[in-house]
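# Chain and residue survey
As a plain string of letters, each chain reads:
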Amino acid sequence: MAYSLSRFLLSSLNENCYFPEVEKTISMISSAENKCSSGSNAAIRGIEGSTSRMYFSALSFFIDKKFGFSGRNRRPPRDCANAALSYSYSVLYNSVDVILRNHGFDTFVGFMHTSQSGHRALASDIMEIFRPLISDRAVLDFLNSANIETDFTYNGEAVYLSDKGRKKLISCFEKAISSAASAPDGYEQSCRGLMLYHADMLSSAVDNKDVSRFDPYIEGESNARSGDI
């Protein structure tokens, strides 16, 4: 989970419509981030799981109640918002996977996620950085104008996007991934450009066996080096 970006998105949303519960969650996410500075992968994954539940619970404050969202569920998604999140995450996962494979990575080999049943673990590792920045923002934008009757299909308890809904969400996703953000090197570029930059940093870190060369993006901070990587 991208703790800093999750906190930033919740803080941005809470500026316009303040909820004390969300402010408390932001503080709890910050505390969880500090705990992840050490410990085993299993322990970190446990912290990530509990923090993710807190994040989605807080996100529900900014999603219209008509979409039935109270937290993350999937396989299958059981409400409209989760249907949109699942689809948006799939698009992001595939986008990151293509970028990493074009950089020569075997994306079945990851750091935190494990590869099983054809899952590309490295793509899941890197996409975590960009979920709030791209996918969650795209979904919130989509839900602002989504129509429960025409943008979704229903099969028992399962809810999916209709063809019309997918097209609308893809448009919101493209808007989010093309939007400008403060780049790690101090210059403004698109979120897609930031994804490419992270693949460059990861390549440099692996080639030079130097983990410090991979410096994940933090919203609003020039936290990576400029120049050659």
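These remarks concern the structure in this document. (Residues numbered from 1 in each chain as written. Predicted model: local features only at pLDDT ≥ 70, side-chain atom pairs only at ≥ 80, totals over all residues. Heavy atoms only, no water.)

Here the focus is empty space enclosed by the protein. Counted according to the given criterion, the structure contains one cavity of 30 Å³ or more. Its boundaries defined by the atoms lining it, the largest cavity holds a volume of some 40 Å³. Together, Val96, Ile99, Leu100, Ile126, Phe130, Met195 and Ala199 line the largest cavity. Within the residue set of the lining of the largest cavity, elements represented by two or more residues are helix H4 (80–102), helix H5 (121–143) and helix H7 (191–207). Per-element accounting of the lining of the largest cavity gives the leading share, three residues, to H4. (1 Å grid on protein atoms, 1.4 Å probe; cavity = no way out; pocket = protein on both sides within 12 Å on 5 of 7 lines; lining within 4 Å. Points joined across faces, edges and corners; volume = space filled by probe spheres on them. Helix = DSSP H or I, 4+ residues; strand = E, 2+ residues; numbered from the N terminus.)

Once that is clear, we can look at unusual backbone geometry. The residue after Arg75, namely Pro76, is reached through a cis peptide bond having omega 0°. Positionally, Pro76 belongs in the loop between helix H3 (41–59) and H4. Although it is not a glycine, Arg75 adopts a positive phi angle of roughly 55°. With respect to the helices, strands and loops of the structure, Arg75 is situated in the loop between H3 and H4. Taking the relative accessible area as the measure of exposure, Arg75 reaches 72% and is therefore exposed. For Lys209, which is not glycine, the phi dihedral falls at a positive 50°. (Buried < 20%, exposed > 50% of the residue type's maximum accessible area, 1.4 Å probe, protein only.)

Along the chain, the position of Gly68 falls in the loop between H3 and H4. Given the relative accessible area of 44%, Gly68 is considered partly exposed.

This part is about the pattern of salt bridges. Tallying each qualifying case throughout the model produces eight salt bridges. The salt bridge involving Lys168 is made with Asp151; its shortest N-O contact spans 2.8 Å. Of this pair, Lys168 sits in helix H6 (residues 163–178) while Asp151 sits in the loop between H5 and strand E1 (152–155); the two residues are 17 residues apart in sequence, bridging distant segments of the chain. A relative accessible area of 25% places Lys168 in the partly exposed class. Overall, the relative accessible area of 0% leaves Asp151 in the buried class. (Salt bridge = Lys/Arg side-chain N within 4 Å of Asp/Glu carboxyl O.)

Turning to the packing of aromatic side chains, a few remarks are in order. In the structure shown here, the tally under the stated rule is five aromatic pairs. When the centroid spacing of 5.1 Å and the interplanar angle of 65° are considered together, the rings of Tyr55 and Phe56 count as edge-to-face. Accessibility assignment for this pair places Tyr55 and Phe56 in one class, buried. Considering the side-chain rings of Phe142 and Phe152, the 6.0 Å spacing of their centres and the 65° angle between planes classify their relative orientation as edge-to-face. Residue Phe142 is located in helix H5, and its partner Phe152 is located in strand E1; the two are separated by ten residues in the primary sequence. Under the relative-accessibility criterion, Phe152 is labelled buried at 3%. (Phe/Tyr/Trp six-rings, centres within 6.5 Å; stacked < 30°, edge-to-face > 60°.)

Between H6 and H7, the shortest axis-to-axis distance is 5 Å and the interhelical angle comes to 65°. Residues Glu174, Ala176, Ile177 and Ser178 of H6 touch H7, and the partners they reach there are Cys191, Arg192 and Met195. In terms of residue class, the contact of H6 with H7 is made up of four nonpolar, one polar and two charged. (Axes fitted to C-alpha atoms, helices over the stretch in contact; angles between N-to-C directions. Contact = heavy atoms within 4.5 Å. Nonpolar A, V, L, I, M, F, W, Y, C, P; charged D, E, K, R; others polar.)

With that settled, the discussion passes to H7. Counted at 1.5 Å a residue, the expected span for H7 with its 17 residues is 24 Å, and the 24 Å between its end C-alpha atoms agrees. The buried fraction of H7 is high, at twelve of 17 residues. Inspection of H7 places Cys191, Gly193, Leu194, Met195, Tyr197, His198, Ala199, Met201, Leu202, Ser203, Ser204 and Ala205 among the buried residues, and these make up the whole buried set. Of the residues one or two after H7, Lys209 is the one with positive phi, at around 50°. (Expected span 1.5 Å × (residues − 1).)

It is worth spelling out the pairing of E1 at this point. One ladder, built from four bridges, connects E1 with strand E2 (residues 158–161); its direction is antiparallel. Considered in E2, the bridge of Phe152 is made with Leu161. Between E1 and E2, which follow one another and run antiparallel, lie two residues, and Gly156 among them has a positive phi close to 65°. (Pairing = 2+ DSSP bridges.)

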